[in-house]
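Survey of secondary and tertiary structure
So the chains spell out like this:
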Amino acid sequence: MKRTLITLFALGLLTACQQEVEIAKPAAVGLTPEAAGHYCQMTVLEHEGPKAQIHLTGNPNPIWFTQVRDAVAFTLSPEEPKDVAAIYVNDMEQAETWAQPGTDNWIEAEMAWFVIGSTISGGMGAPETIPFGSESGALQFAEVNGGSVVRLKDIPETYVLGSVELSAAAPMTEGEHHGVRQ
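Residues numbered from 1 in each chain as written. Predicted model: local features only at pLDDT ≥ 70, side-chain atom pairs only at ≥ 80, totals over all residues. Heavy atoms only, no water.

1. A word on helix α2 (residues 68–76)
Inspection of α2 places V68, R69, A71, V72, A73 and F74 among the buried residues, and these make up the whole buried set. Where the residues of α2 are buried, they touch β1 (52–56), β2 (63–65), β3 (84–90), β5 (113–116), β6 (130–132) and α4 (157–161). (Buried < 20%, exposed > 50% of the residue type's maximum accessible area, 1.4 Å probe, protein only. Helix = DSSP H or I, 4+ residues; strand = E, 2+ residues; numbered from the N terminus. Contact = heavy atoms within 4.5 Å.)

What follows is the structure, given as structure tokens:
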């Protein structure tokens, strides 16, 4: 009987040790002039429109993206790592302008509302997934620029991994408002 109790106690301890431990999500990092886009290796700050950063488990440095679309593609691509600890995107409601989307106005991608299929292209000239901190901000942008409002999990794989016609979306020009601050 005593041996059975000890065995059950030991099994209970082993089970407790094998349970997953909640790891703290890394905080967003302020964008600096040294940040280079993961796919293009160009300076992120040299491109207009919203940016993204992905944090991988065990890596103290974020992976930077010149377009949010590219960060979403990263998460869906079978060739990329799957140990994503956090994804942050610029909140375009808090952006200074389209040309200056901000260096510290990050929101968790899972909490953002995205406009897809709008007439506005991202910093690399491709159609963009434009993040907003509120649904009303995203709806206002879509009302002016077209597109639909979705959550991260609802962005179609074909939208970010499909072929792109770079002339299909227009870049914002100086003086245009398009639902983002001037």
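2. Considerations on the pattern of salt bridges
Counted according to the given criterion, the structure contains 2 salt bridges. With a shortest N-O distance of 2.8 Å, E108 and K25 are connected by a salt bridge. One end of the pair, E108, is in strand β4 (residues 106–108); the other, K25, is in the loop between α1 (2–18) and β1, with 83 residues separating them in the sequence. Judged by its relative accessible area of 30%, E108 is partly exposed. Between K153 and D154 there is a salt bridge, with the nearest N and O atoms lying 3.4 Å from each other. Residue classification places D154 among the partly exposed positions, given a relative accessible area of 41%. (Salt bridge = Lys/Arg side-chain N within 4 Å of Asp/Glu carboxyl O.)

3. So, the packing of aromatic side chains
Scanning the model with the defined rule gives 5 aromatic pairs in all. With 5.8 Å between their ring centres and 50° between their planes, W64 and W106 make a pair best called tilted. One end of the pair, W64, is in strand β2; the other, W106, is in strand β4, and 42 residues separate them in sequence. A relative accessible area of 9% places W64 in the buried class. Within the aromatic cluster, the residues linked to one another by ring pairs are Y39, F65 and F74. Directly above the ring of Y159 sits R69, whose terminal nitrogen or CZ lies 5.4 Å from the centroid. A cation sits over an aromatic face here: R151 above W113, 3.9 Å from the ring centre. (Phe/Tyr/Trp six-rings, centres within 6.5 Å; stacked < 30°, edge-to-face > 60°. Lys NZ or Arg CZ within 6 Å of the ring centre and 35° of its normal.)

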